[in-house]
Amino acid sequence: MSVTTPKGPQLAVLSATAVDEAPSAAQILQPAGWPMPKGYANGMAAEGRIVVTGGVIGWDAEECLADGFVAQVHQALSNIAAILAEAGAQPEHLVRLTWYVVDMDEYLANLKELGQVYRTIFGAHYPAMALVQVVRLVEKAARVEIEATAVVPR
């Protein structure tokens, strides 16, 4: 029998609880030697109760969309925080966000403001994220839709 050594990057597991007040049990997966991503994690691992949202857009309780891309992101993230709270989840329990935008250039042109909005709502916790440009969203005036996955430790 032969034993082989796996090729590829070695994996470092960083505890996300190092700076959190309440333990989230989430671990940031950062392969050794890879540069640290800015504003997201390459991967996350967690055990517990899974909480997922549908696609959340930037409208309020009266279904009025916020005016402008950054304002819609702010409202969508606030809506996600409210949904998480219903399940007893906190921002540090987020393990994944998937963003759907109708204009990638609009997203890229607003990175600084988006970072400020994100940190205002979720703090400095950055889960794994994906960003996808789509032709349009169900609500024609919506500029962004975000899905979230959180894992609440048992």
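These numbers come from a predicted model, not from an experiment. (Residues numbered from 1 in each chain as written. Predicted model: local features only at pLDDT ≥ 70, side-chain atom pairs only at ≥ 80, totals over all residues. Heavy atoms only, no water.)

Novice: What's the story with the packing of aromatic side chains in this structure? I'm lost.
Specialist: Two descriptors summarise a pair of aromatic rings, namely the distance from one centre to the other and the angle between the planes of the rings. Evaluation of the coordinates by the stated rule reveals three aromatic pairs. Their ring planes at 80° and their centres at 5.8 Å tell us that W99 and Y107 sit as a pair that is edge-to-face. Under the relative-accessibility criterion, W99 is labelled buried at 5%. Accessibility expressed as a relative area gives 17% for Y107, which makes it buried. Members of the aromatic cluster, joined through ring pairs, are Y118, F122 and Y126. (Phe/Tyr/Trp six-rings, centres within 6.5 Å; stacked < 30°, edge-to-face > 60°. Buried < 20%, exposed > 50% of the residue type's maximum accessible area, 1.4 Å probe, protein only.)

Novice: What am I meant to see in the confidence of the model for the protein chain here?
Specialist: Caution applies to low-pLDDT parts of the model: their predicted coordinates are not meant to be read in detail. Averaged over the protein chain, the pLDDT score is 87; the fraction of residues at 70 or greater is 84%. Low confidence marks residues 1-22, where pLDDT is under 50. Its contacts with residues over four positions away, or in another chain, come to 32 contacts. (pLDDT = per-residue confidence, 0-100. Contact = heavy atoms within 4.5 Å.)

Novice: Explain the environment of A26 to me, please; I cannot follow it from the model alone.
Specialist: Mapped onto the elements, A26 comes out in the loop between β1 (11-15) and β2 (27-31). Since its relative accessible area comes to 2%, A26 is described here as buried. Residues A26 and A46, 20 residues apart in the sequence, show an inter-C-alpha distance of 4.4 Å. (Helix = DSSP H or I, 4+ residues; strand = E, 2+ residues; numbered from the N terminus.)

Novice: Which parts of the structure should I look at to understand the side chain of N110?
Specialist: Inspection of the secondary structure puts N110 in the loop between α2 (104-109) and α3 (111-122). Setting aside anything within four residues of it in sequence, one finds N110 in contact with F69 and V70.

Novice: So what exactly am I meant to see when it comes to the nonpolar core here?
Specialist: Generally speaking, soluble globular proteins have nonpolar side chains that are buried together. V73, L77, I80, W99 and I146 are the most contacted members of the largest nonpolar core, which totals 25 residues. Those elements that place two or more of their residues in this core are α1 (69-86), β6 (94-101), α3 and β8 (144-152). Among the elements that line this core, the one with the most residues is α1, at six residues. In contact with W99, not counting residues within four places along its chain, are V73, L77, Y107, M129, A130, L131, V132, V144, E145 and I146. In terms of nonpolar packing, the next biggest core, distinct from the first, is built from six residues, A41, M44, V95 and V151 among them. (Core = buried A, V, L, I, M, F, W, Y, C linked by side-chain atoms within 4.5 Å.)

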